[in-house]
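# Commentary on secondary and tertiary structure
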Amino acid sequence: MRPIVLEAYPITLLTIIGTYAIAAIGLNLTMGSAGQVNLGQAAFIGIGAFTSAILTTEYSMPFVVSLLVSGLMAMIGGTILGLISVRLREDFLAITTIGINFVAVSVFQYYPLFGGSFGIGDIPRPSFFGFELSGPSYAGLVYVVLSLCILGALWTRRSWLGLAFKAIKEDEIAALSMRIDVRKFKMIAFAIGAGYGGLAGCLLAHFRTYIVYSDFTFSFSIELLTIVVLGGLGSIAGTTMGTAIVVLFPEVIRPLLQYRLVIYILMLIVLLRFQPEGLLGEKSALSRYLHSIVVRLYRREGAH
Amino acid sequence: MKALIKTEGLCKFFGGIKAVNDVNIRCEEVEILGIIGPNGAGKTTLFNLITGFLRPSSGRIFFDGINLERRNVVGRVKLGIARTFQVTRPFRSLTVYENVLISYGSPNYSGLSFLKSSFKEAYAQGVRKILRDVGLKNVEDQISGSLPIGYQRRLEIARALALKARILLLDEPTGGMSHEEGQEIVSLAKSLRQMGLTIMIIEHNMRVALNACDRIYALDYGSVIAEGKPDEVVNDRKVIEAYLGAGYVAKS
């Protein structure tokens, strides 16, 4: 039986990396692409997680439906935050998004619908055609959703939506003069980012099979922020890599587990001071280095 | 001649300051209309009212007979009113090409068509043509924020053109430029008028205004003090007074 134990641990980590990456890529669309600060992403993960937990335990809804509904619920939450954000900028927006996170956690804790302080347990594993997904097969599901989310993010970049995001990030007044409805695109930015969070939340709930309000506190948002800044604002590959690093590092260095929030915040400060582009963001040291290698290889090819 | 832009009793007050005070102007189709006046005369405020960045305290603005009262900035751009900014506002960290592309694709930002791909040969060709027309072809891959001011002003015009507007409102397009660069912008404006565009141009420099415009309104303290052919307006007593002070007129 030993091999199963050995396999379970890395697969758990892989699953967690996959779910966190979905939420982080969403956050990166809001913050990196559209330039709208969101320090409360955990709230939307919570909305997704509780939506799916309630729908599957109370109303025995099929997993695929509850996955979509939890994404949708989080998107609605994100749209509301977007509506508020239209009137706020930078630091005030940041504080508001933190506030949203605290409000969401209080609601989860206060109302019996969300299981109060006990949370919701016995969340069923999804099953398809009588085959229950767990372990490697569940990880497979997570990575299918992650791949779809990455495709979505890549499409955003190619589309006019991506250009509208760039425009509102750079200069809202100029964007308005280019017929870009700044209010609408801010709301879309928050809605998409929150929707990704909702999907991640649903996947997290059905993986852990037990969720409680304290899973979605502000410190989770900080963890996701660290991932996005470490990976590089606007970089999808960077965010995925950042997720792996941030999830794995307390696992590798166990004694640091209880100090991890301190370390994340220190990491944020150091990054923002010395390498604000993150690991793989545009113009970051690493991506410039990789680019120079590619250029050199290409030249050598050309010389032959 | 049909008025493309017409204002009726347009006023904008900031507290006790009358930035624009009972302004009635007409901008005919396919003309270069100059708005001149000393600093603080209300020229840029007038542009902000026409483009919808500011709401008038009273009075009305018509574009091609349409009352603009209920239209916001985006709605007015959609009708065909494009502008440039006195202090240039390029999307600083994007390339010149991307800047113009964002503007060129403007019909795609309404409804759900923003989901469509922006990588299309037709778009690239359209953008490149505009870049060639305004003389930015050789800097298209440069980051716009690091360009010299002359290029940034051309970029502003390129973006306004890419909106396929009917009227361009140019806010001091020659500001901070050498005389030669300014002349290039003037001839660019003239060639655009030749293509059927209407242009309203704020100009601080009398010599440029004299050279570029078909007709001029002179503003001072928010009110129109003179209107007419360029040489008439620049020789108008009130205009000289506004620029140089009453004492100067008395001496000469």
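### Some details on the pattern of salt bridges
All names here are of chain B.
- As enumerated under the stated definition, the model contains 20 salt bridges over all chains in all.
- One salt bridge connects glutamate 28 with arginine 26, and the closest N-O pair in it is separated by 3.2 Å.
- One salt bridge in this structure joins aspartate 214 and arginine 193, with 2.6 Å as the shortest N-O distance. One end of the pair, aspartate 214, is in the loop between α7 (206-212) and β10 (215-220); the other, arginine 193, is in helix α6 (residues 179-194), and 21 residues separate them in sequence.
- We classify aspartate 214 as partly exposed; its relative accessible area is 26%.
- Among the residues examined, arginine 193 registers a relative accessible area of 18% and is labelled buried.
- Taken together, the salt bridges that share partners define one network made up of Lys6, Glu8 and Arg60.

### Overview of the pairing of strand β2 (residues 17-23) of chain B
All names here are of chain B.
- By the bridge criterion, four bridges tie strand β1 (residues 3-14) to β2 in an arrangement that is antiparallel. Residue pairing for β2: phenylalanine 13 is matched across the bridge by lysine 18.
- Hairpin connection between β1 and β2: a loop of two residues separates the two successive antiparallel strands, and glycine 15 in this loop has a positive phi of roughly 60°.

### Regarding the interface of chain B and chain A
- With 33 residues of chain B at the interface, the matching set in chain A holds 23 residues.
- Summing both partners gives a buried area of about 2800 Å² for chain B against chain A, and 66% of it is carried by carbon and sulfur.
- A per-residue breakdown of the area chain B buries against chain A is headed by Phe91, Tyr109 and Phe114 of chain B, which together make up 24% of the total.
- At the junction of chain B with chain A, the criterion picks out two salt bridges.
- Linking glutamate 98 of chain B and lysine 166 of chain A is a salt bridge whose minimum nitrogen-to-oxygen distance equals 2.8 Å.
- Counting the contacts that link chain B with chain A gives 13 residue pairs in polar contact (both at pLDDT 80 or more).
- Elements that contribute at least two residues to the side of chain B that touches chain A include exactly α2 (73-79) and α3 (96-104) of chain B.
- Residues belonging to the side of chain B that touches chain A are distributed by class as follows: 16 nonpolar, 10 polar and seven charged.

### Comments concerning the side chain of aspartate 220 of chain B
All names here are of chain B.
- Tracing the backbone shows aspartate 220 in strand β10.
- Buried aspartate 220, no salt bridge; nearest opposite-charge side chain is lysine 43, N-O distance 8.5 Å.
- Apart from the residues lying within four places of it in its own chain, the contact partners of aspartate 220 are Pro38, Ala41, Ile225 and Ala242.

### Structural notes on the nonpolar core
- Counting 133 residues, the largest nonpolar core has Ile22, Ile180, Phe185, Leu203 and Ile211 of chain A together with Ile102 and Leu168 of chain B as its most contacted members.
- The leading source of residues in this core is helix α8 (residues 182-208) of chain A, at 13 residues.
- Those residues in contact with phenylalanine 185 of chain A, other than ones at most four positions away along the chain, are Leu161, Ala164, Phe165, Ile168 and Ile180 of chain A together with Tyr109 and Phe114 of chain B.
- In terms of nonpolar packing, the next biggest core, distinct from the first, is built from 24 residues, Leu10, Ile25, Ala41 and Phe47 of chain B among them.

### Things to note about the sheet that holds strand β8 (residues 167-171) of chain B
Residue and element names in this part refer to chain B.
- Pairing in this open sheet of six strands is mixed, and the strands run β7-β8-β9-β4-β10-β11 from one edge to the other. Two strands lie at the open edges of the sheet, namely β7 (81-83) and β11 (223-228), each paired on one side alone. Each neighbouring strand pair of the sheet contributes to a mean axis angle of 20°, computed without reference to strand direction.
- Bridging between strand β4 (residues 32-36) and β10 involves four bridges; their strand directions are parallel. If you follow glycine 34 over to β10, its bridge partner there is isoleucine 216.
- Helix α5 (residues 149-162) contacts β7 and β8 of the sheet and is inclined by roughly 160° relative to β8.
- Of the strands in this sheet, β4, β9 (198-203), β10 and β11 touch helix α9 (residues 237-244), which is tilted by about 130° from β11.

What counts, and where the lines are drawn
- Residues numbered from 1 in each chain as written.
- Chains lettered and ligands numbered in written order.
- Predicted model: local features only at pLDDT ≥ 70, side-chain atom pairs only at ≥ 80, totals over all residues.
- Heavy atoms only, no water.
- Salt bridge = Lys/Arg side-chain N within 4 Å of Asp/Glu carboxyl O.
- Helix = DSSP H or I, 4+ residues; strand = E, 2+ residues; numbered from the N terminus.
- Buried < 20%, exposed > 50% of the residue type's maximum accessible area, 1.4 Å probe, protein only.
- Pairing = 2+ DSSP bridges.
- Contact = heavy atoms within 4.5 Å.
- Buried area = accessible area lost by both parts, 1.4 Å probe.
- Polar contact = N/O pair within 3.5 Å; in protein donor to acceptor, adjacent residues only side chain to side chain.
- Nonpolar A, V, L, I, M, F, W, Y, C, P; charged D, E, K, R; others polar.
- Lys, Arg positive; Asp, Glu negative; His and termini not counted.
- Core = buried A, V, L, I, M, F, W, Y, C linked by side-chain atoms within 4.5 Å.
- Axes fitted to C-alpha atoms, helices over the stretch in contact; angles between N-to-C directions.

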